[in-house]
Amino acid sequence: MKNWITGAAVALMGLTGGAMAQDYPDRPLMMMVSYGAGGATDFQARIVTMTAGNEDALGMPIAIINKPGAGGRVGWNWFATQADSDGYTLGAYNVPHFIAQSIKGGVSYSTDSFEPIANWGADPAVFVVAADSPFNSMDDVVAFAKENPGKLTFSGAGLFVGHHIAALQIEKAAGVKMAYIPTKGGGAAAMKAVIAGEVMGGVNNLSDAFRAQEAGNVRILGVADLERSAFLPDVPTMMEQGLDVDNSSVNFRGVMVPKGTPPEVIERLAATVPAMFENSRVAKKMKAGGSPMHIMNRDEVIEMWAAREATLKELLSGL
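Being a predicted model, the structure only gives us computed values, none of them experimental.

A.B. asks: Account for the sheet that holds strand S5 (residues 125-130), with residues named and values stated.
C.D. replies: In spatial order, the strands read S7-S6-S8-S5-S9; together these five strands make up an open sheet with mixed pairing. Pairing within the sheet leaves two strands with one partner each, and these edge strands are strand S7 (179-182) and strand S9 (218-224). Ignoring which end each strand starts from, the neighbouring axes of this sheet average 30 degrees apart. Inspection of the sheet shows strand S6 (residues 153-156) paired to strand S8 (residues 201-205) by two bridges, in the parallel sense. Each residue of the ladder has a partner; that of Ser155, found in S8, is Gly202. Where helix H7 (residues 186-195) meets the sheet, it contacts S5, S6, S8 and S9, and its direction lies at approximately 150 degrees from that of S8. Contacts between helix H8 (residues 206-214) and the sheet are confined to S5, S8 and S9, with S9 contributing the most and set at about 155 degrees to the helix.

Okay, structure coming up:
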């Protein structure tokens, strides 16, 4: 009798889960972005979710909620400890950001706190200077830094985000010490600091820098990736300029949910979200905004997270 009751309970749970997956979502969703409005993550998140309400997508819109602060820590701490795990609260992830931060400690999250759904982009870090800067190449930057140790100020979106990792790699590769200044408002604030002349340069996202350069506000001197970007074919990589800087700082962006989200909801999202990213309207707007796309499904993101975590543990071990 006990076995029969147990079997019936398991079967009922299966039916309930199936019904939930079939009905989900039945109301609008929210996606938390750990950076401020106007930055690359916010800009792209609004584009990649704009077709969520279509019948061939989720059939319900996704509202973006910004929770910026401390290089993403404020938002991801909230997402790991307070967000509902019912499938209606999504989060935008940034890798290497949240992984590097969890390795260095002082936060309430790790890769075990979240379930990845899909990846929409891969945005390299670039070194930017104001349009009227005397620096015309990374050689100029390095030469000044060698002659003036610790006096070359440059901005970034926070500590142990992709910008900071690229900055650490540049300093190590060039054998110099520069003054990295993390801003409170994420990439948008870091870019404004460069344009306003508050700092001598900055490390920022290619997508933010592309739009700022198109507007005539900055110049991009180098890309922290293994090859040149199709958006910036005339801008050499750091390696081309003699700096041993690889792609460890490339900013992967995508969607995740809190640990504990029902498996059937994760399955539904994992099956739907990548196709939503592939929408032609989304691709067109991302291209116009200088935002590189790199779509990956859930299994591919799980592998990427694991690989990045292993790389970052080695990279950050001496810091």
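A.B. asks: Describe unusual backbone geometry, naming the residues involved and giving the relevant values.
C.D. replies: Cis geometry is adopted by the peptide bond preceding Pro25, which originates at Tyr24 and carries an omega value of -10 degrees. With respect to the helices and strands, Pro25 occurs in the loop between helix H1 (2-23) and strand S1 (29-33). Look at the link from Val95 to Pro96: it is a cis peptide, with omega at 25 degrees. Summarising the element assignment, Pro96 is placed in the loop between strand S3 (89-95) and helix H4 (97-104). Phi angles above zero are rare outside glycine, and Ala70 is one such case at about 55 degrees. Along the chain, Ala70 falls in the loop between strand S2 (62-66) and helix H3 (73-81). A positive phi angle, near 55 degrees, is found at Phe160, a position not held by glycine. Tracing the chain through its elements places Phe160 in the loop between S6 and helix H6 (162-174).

A.B. asks: Residue-level account of the packing of aromatic side chains, with values.
C.D. replies: Evaluation of the coordinates by the stated rule reveals 16 aromatic pairs. The rings of Tyr35, Trp76, Trp78, Phe79, Tyr93, Phe98, Tyr109, Phe114 and Trp305 are connected pair by pair, giving a single aromatic cluster. The ring of Tyr88 is capped by Arg27, whose NZ or CZ atom sits 3.6 Å from the centre of that ring. In this arrangement the basic side chain of Arg211 is found over the ring face of Phe43, its NZ or CZ atom lying 3.9 Å from the centre.

A.B. asks: Residue-level account of the environment of Asn77, with values.
C.D. replies: The residue Asn77 is located in helix H3 in this model. A sequence separation of 33 residues divides Asn77 from Ser110, and the C-alpha atoms of the two residues are 9.8 Å apart. Setting aside its immediate chain neighbours within four residues, Asn77 contacts Val107, Ser108 and Tyr109. Within polar-contact distance, the side chain of Asn77 engages the backbone nitrogen of Ser108 at 2.7 Å.

The rules behind each value
Throughout, a residue's number is its position along its own chain's written sequence, starting from 1. Restriction of local features to residues with pLDDT of at least 70 applies here, the model being predicted, together with a cutoff of 80 or more for giving and counting side-chain atom pairs; totals for whole chains, interfaces and linings are based on all residues. Just so you know, side-chain values use all the structure's heavy atoms and leave hydrogens and water out. Two strands are counted as paired when DSSP detects at least two bridges linking them. To qualify as a helix, a DSSP run of H or I must reach at least 4 residues; to qualify as a strand, a run of E must reach at least 2; elements of each kind are numbered from the N terminus. In this description, a line fitted to the C-alpha atoms serves as the axis of each element, helices being fitted only across the stretch in contact, and the angle between N-to-C directions of two axes falls anywhere from 0 to 180 degrees. Residues are treated as being in contact if the distance between any of their heavy atoms lies within 4.5 Å. Pairing of aromatic rings covers Phe, Tyr and Trp, the last counted by its six-membered ring, and requires centre-to-centre distances within 6.5 Å; plane angles under 30 degrees mean stacked, over 60 mean edge-to-face, and any other angle means tilted. A ring has a charge above it when a Lys NZ or an Arg CZ is no more than 6 Å from the ring centre and no more than 35 degrees off the ring normal. Any N or O atom pair separated by 3.5 Å or less is treated as a polar contact, with the protein-specific requirement of one donor-capable and one acceptor-capable atom, and with residues adjacent in sequence counted only for side-chain atom pairs.

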